[in-house]
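Structural description and commentary
Now for the letters of each chain:
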Amino acid sequence: MRKDYFTSFFYIILMGFGFPIMRFMSIHFETVNNNAVRFLSGGFLFILICIFKFREELKKILLEPKIILKLLLLGIFMSGNMYFFINGLKYTFALAGSIFGILAMPLAIIMAAIFFKDERSKIKQKKFYIGSIFAFIGSLLFVLYGNKVGESLNFLKGTLFLGTAIFIQSIQNLLIKNVAKKLHTIVISASTATLSGIIYLILSIHTGKIIQLKEVGEGMLIGLSLAGIYGMLTGMLMAFYIVQKQGVVIFNIIQLLIPVSTAIVGYFTLGETINFYQGMGAIIVIFGCIIALKI
């Protein structure tokens, strides 16, 4: 139990740095190149770990064809999720990504309750629905008042991308929970990251955008690779582990604290600020989700 608490604590801190890093890279790289390099870098690292430490887990994949199909499907979902998420960050800012991650919680819990009995009992109280309404209102404030700052059309476009990403993520989490019953999280992470990386590499080659990777400096390319490894360790491996060990609901509760660490890191690293009304909207989102999750 103490190990789970430490994992959750470090996940919050590390994700606070993760969103600004993704935002920075989204500005300097095309989305398909960004995701191709990040996913393949993290995926290859995980595969090496699996080969040396989790060989028996890899055999399970070969013995059950259904698992292979689920991993392929998970790779597709992850690819779609990150395409919209990275584009959303590109047109908004780091904190927007974490706020929309919070907004995904009520939807994720509803989806989990439909398919999993252990999650179903958690949405039977009125507090869940009241909190969800508050979260929705808060997100509207955050988007509408953010839309008046800077390039309004780009910001609105970014929020639509983020909204699509959280919808895909809510379905993706269900599949993760199902697969995690039979496979270790690092094997799931290795498979998902590598498959998603291959998908993005194919898209990059097909669209001709891969040429951009030749034009950037080696330092930026190495930085993107390291950012990929960092992102996979935090946003994928640690997230999958928490979903497996503590459940979808607990994972979403932990997400509540990420905007705080993101806002602090984003302010000092990217100079990102929000206006008063956006701040109020963000607080209402967090308050609504706290009520919804019956903390």
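The coordinates are above.
In what follows, the accompanying structure is described.

Analysis parameters
Residues numbered from 1 in each chain as written. Predicted model: local features only at pLDDT ≥ 70, side-chain atom pairs only at ≥ 80, totals over all residues. Heavy atoms only, no water. Axes fitted to C-alpha atoms, helices over the stretch in contact; angles between N-to-C directions. Helix = DSSP H or I, 4+ residues; strand = E, 2+ residues; numbered from the N terminus. Parallel < 35°, antiparallel > 145°, perpendicular 65-115°, else oblique. Left-handed = near helix turned anticlockwise from the far one by under 90°. Contact = heavy atoms within 4.5 Å. Nonpolar A, V, L, I, M, F, W, Y, C, P; charged D, E, K, R; others polar. Phe/Tyr/Trp six-rings, centres within 6.5 Å; stacked < 30°, edge-to-face > 60°. Buried < 20%, exposed > 50% of the residue type's maximum accessible area, 1.4 Å probe, protein only. Lys NZ or Arg CZ within 6 Å of the ring centre and 35° of its normal. Salt bridge = Lys/Arg side-chain N within 4 Å of Asp/Glu carboxyl O. Patch = residues over 30% accessible without salt bridge, like charges linked within 9 Å, V, L, I, M, F, W, Y side chains within 5 Å. Areas by Shrake-Rupley, 256 points an atom, 1.4 Å probe, with all protein chains shown as cover. Core = buried A, V, L, I, M, F, W, Y, C linked by side-chain atoms within 4.5 Å.

Some remarks on the packing of helix α2 (residues 31-53) against helix α4 (residues 65-91)
- Where α2 meets α4, the axes come as close as 10 Å, and the angle between the chain directions of the two elements is 125 degrees. Here α2 is positioned oblique relative to α4, judged by the angle of their axes. The interaxial crossing formed by α2 with α4 has right-handed handedness. Contacts between α2 and α4 involve Thr 31, Asn 34, Asn 35, Arg 38 and Phe 39 from the first element and Met 78, Met 82, Tyr 83, Ile 86 and Asn 87 from the second.
- Its residues assigned to classes, the contact of α2 with α4 shows 5 nonpolar, 4 polar and 1 charged.

Thoughts on the packing of aromatic side chains
- A full pass over the atoms with the stated rule returns 4 aromatic pairs.
- Pairing Phe 84 with Phe 161 gives two aromatic rings, centres 5.8 Å apart and planes at 40 degrees, and the pair type is tilted. A residue pair is termed long-range when its members are at least 10 positions apart, and Phe 84 in helix α4 and Phe 161 in helix α8 (residues 152-179) qualify at 77 residues.
- According to the relative accessible area criterion, Phe 84 is partly exposed, its value standing at 24%.
- Here the aromatic rings of Tyr 91 and Phe 161 are separated by 6.3 Å at their centres, their planes lie at 15 degrees, and the arrangement is stacked. Of this pair, Tyr 91 sits in helix α4 while Phe 161 sits in helix α8, placing them 70 residues apart in sequence.
- Through successive ring pairs, a cluster of aromatic residues spans Tyr 83, Phe 84, Tyr 91 and Phe 161.
- Directly above the aromatic system of Phe 39 lies the positively charged group of Arg 38, at a separation of 5.6 Å from the ring centroid.

A closer look at the environment of Ala 96
- Among the structural elements, Ala 96 can be located in helix α5 (residues 94-115).
- Separated by 77 residues in the primary sequence, Ala 96 and Phe 19 have C-alpha atoms spaced 9.2 Å apart.

Concerning the pattern of salt bridges
- According to the stated counting rule, one finds 4 salt bridges in the structure shown.
- Residue Glu 57 is joined to Lys 60 by a salt bridge in which the shortest nitrogen-to-oxygen separation is 3.1 Å. Here Glu 57 and its partner Lys 60 are both found in helix α3 (residues 55-63), 3 residues apart, which amounts to about one turn of the helix.
- Judged by relative accessible area, which is 15%, Glu 57 ranks as buried.
- Between Glu 64 and Lys 182 there is a salt bridge whose closest N-O contact spans 3.2 Å.

As for a nonpolar patch on the surface
- A grouping of Phe 6, Phe 9, Phe 10, Ile 13 and Phe 17 is seen on the molecular surface, where their side chains present a nonpolar patch of about 500 Å² in accessible area.
- Mapped onto the fold, Phe 17 is located in helix α1 (residues 2-28).

A few points about the nonpolar core
- Counting residues in hydrophobic clusters, the biggest one holds 48 residues, and the most contacted among them are Tyr 11, Phe 39, Met 82, Phe 85, Leu 183 and Ile 188.
- Of all the secondary structure elements, the ones that give two or more residues to this core are α1, α2, α4, α5, α8, α9 (185-207) and α11 (218-255).
- When residues in this core are grouped by element, the largest group, 10 residues, is from α11.
- Setting aside residues up to four positions removed in sequence, Leu 183 forms contacts with Glu 57, Lys 60, Ile 61, Ile 67, Leu 71, Ile 188 and Gln 244.
- With 6 residues, the next largest nonpolar core counts Met 25, Val 37, Leu 213 and Leu 224 among its residues.

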